[in-house]
Amino acid sequence: MYYQSRSLIIKSMDYRESDKLVTLFSEKEGKLKAIARGIKKPGSSLRACVQPFCHSLLFFHQGRELDLITQGRLLDFYGNSREDIKRTLHCMYIMELLDKSLMDRAAMPRLYGLTLSILQYINNNGLNHLVLRYFELQLLIQLGYRPVLDKCVNCGRQGGFKNFCLEAGGMLCPDCSAGEQNGIVLYGEVLGLLKLMAHGNLNTLQRVQASGAALEKLELFLERYLEYHLERRFNLKNTIRVLKKSLS
Amino acid sequence: MRLARPLENLIDNLLKLPTIGPKTAQRLALYILKMPAAEARQLAQAIIDAREKVFPCSRCGYLTDIDPCFICRDETRDTSILCVAEEASDIIAMERTGYRGRYYVLNKNFNLMDDNNLEDLNLDSFINQLASGEVKEVVLALNPDIEGEVISRYLAGLADGHGVKATRLAHGLPVGGDIEFADEITLRRALEGRKEI
């Protein structure tokens, strides 16, 4: 059976002599792995379509175990991001998040649309750390890990609490957080940004000016939240830090 | 169908080689059985010798049976230029171009999403060569993919720290290729790297 779908390329790895095993996030089928034949050869017309973080229209032939990519048309390769190593690495980080968090063959059209708009935003406007954090939080929300920020996640009491519990996925009131060892203190600008990101959209977010300290704290919080619930480590973050150190 | 155990064992071992599928493994195994005994022994001995006697050169990482390798010993080569490659097979390709400088082979598969770290790359000998003051230019001949780009930037940062110029191979159209069929990414790189004639 043949089918076609717009897809974002997450990564590819060598497979046999000149083939690659491509992991992609397709609009209709969700995350899947497919074989792209002969793409290491210079004459391959598929090669550009299956580069990491390219947006392509791909045509598949359903196989017994793995599907085969038969044809493709490049829709966008985010050329500006590709010319800048920092933007490239952050786009790859988005791909890593998708790779390590999505289940195979579970379509997520809203997340697909969001990923496209974030890649487009980075390509057109440059790197914006708040937009990246927005993607991390929205990914968690789409996966069912929406943090409860305006009431106690345990007893439902309303109020401005400061203690966030990773395990419970929300704020805890002083009564419920008694004896809690692994709480994260969240308040002020960081908490405000989190609430805005949880309910706002990309248009409102790009007009927000956040302080460097708040962005740093937000990044650390979301990193811990992602790692706790997805039980994965994200290697790109480390590479970005090493490269930043070496280039500075 | 049940096969003789030694034959089955041979097929199983040939199957471990890249690009060899079950049918090819069976064909190769049957061919080996038909070979004269001396030739089969020679083949087995060649595999053992290559495995035991060939190792990466301590200076450049190229595969050799003497240390330093014949490239590092060659005094006619230009020692001021150091070409960094991912694999030993890339050196064979570079040698065909007539390049006469020295090499450094990383010999490590680096994947951004796996548990690889840039700091885990074995770069001691590379850094020593930069620090010696002999090298004036580092040519980064890594694959034109994202991993290659990241390693190139990292190595360029190290070279810069030692006051050594870092260059990388140009990206663009293959000789004899057709612009009409070139992909957008390659064409954009080719346009950016255009030269005055």
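Above this text sits the structure in question.
Residues numbered from 1 in each chain as written. Chains lettered and ligands numbered in written order. Predicted model: local features only at pLDDT ≥ 70, side-chain atom pairs only at ≥ 80, totals over all residues. Heavy atoms only, no water.

1. What about unusual backbone geometry?
Stage number 1. The omega torsion of the bond from Asp 67 of chain B to Pro 68 of chain B falls at -5°, within 30 degrees of zero and hence cis.
Stage number 2. Mapped onto the secondary structure, Pro 68 of chain B falls in the loop between strand 2 (63–64) and helix 4 (70–73).
Stage number 3. Positive phi, close to 50°, is recorded for Tyr 78 of chain A, a residue that is not glycine.
Stage number 4. Tracing the sequence through the fold places Tyr 78 of chain A in the loop between strand 5 (67–76) and helix 1 (79–83).
Stage number 5. Residues other than glycine seldom take positive phi values, yet Arg 105 of chain A does so here, at roughly 55°.
Stage number 6. Along the chain, Arg 105 of chain A turns up in the loop between helix 2 (85–101) and helix 3 (109–125). (Helix = DSSP H or I, 4+ residues; strand = E, 2+ residues; numbered from the N terminus.)

2. Looking at helix 3 of chain A
Residue and element names in this part refer to chain A.
Stage number 1. When the terminal C-alpha atoms of helix 3 are compared, their 24 Å separation across 17 residues agrees well with the 24 Å that a helix rising 1.5 Å per residue should span.
Stage number 2. Taken together, the buried positions of helix 3 are occupied by Leu 111, Tyr 112, Leu 114, Thr 115, Leu 116, Ile 118, Leu 119, Tyr 121, Ile 122 and Asn 123.
Stage number 3. Backbone geometry just downstream of helix 3 places Gly 126 in the positive-phi region, at approximately 90°. (Expected span 1.5 Å × (residues − 1). Buried < 20%, exposed > 50% of the residue type's maximum accessible area, 1.4 Å probe, protein only.)

3. Notes on the environment of Phe 77 of chain A
Residues and elements named next belong to chain A.
Stage number 1. Take Phe 77: it is sitting in the loop between strand 5 and helix 1.
Stage number 2. Taking the relative accessible area as the measure of exposure, Phe 77 reaches 14% and is therefore buried.
Stage number 3. A C-alpha to C-alpha distance of 27 Å links Phe 77 and Leu 143, two positions 66 residues apart in sequence.

4. A look at the sheet that holds strand 8 (residues 183–185) of chain A
All names here are of chain A.
Stage number 1. Taken in spatial order, the three strands line up as 7-6-8 in an open sheet, and their pairing is antiparallel. In this open sheet, the two strands that pair with only one neighbour each are strand 7 (170–172) and strand 8. The sheet shows a mean angle of 45° between the axes of neighbouring strands, direction not considered.
Stage number 2. Here three bridges tie strand 6 (residues 163–165) to strand 7, and the two strands are oriented antiparallel to one another. Residue Asn 163 lies in a different strand from strand 7, and its bridge partner there is Leu 172. (Pairing = 2+ DSSP bridges. Axes fitted to C-alpha atoms, helices over the stretch in contact; angles between N-to-C directions.)

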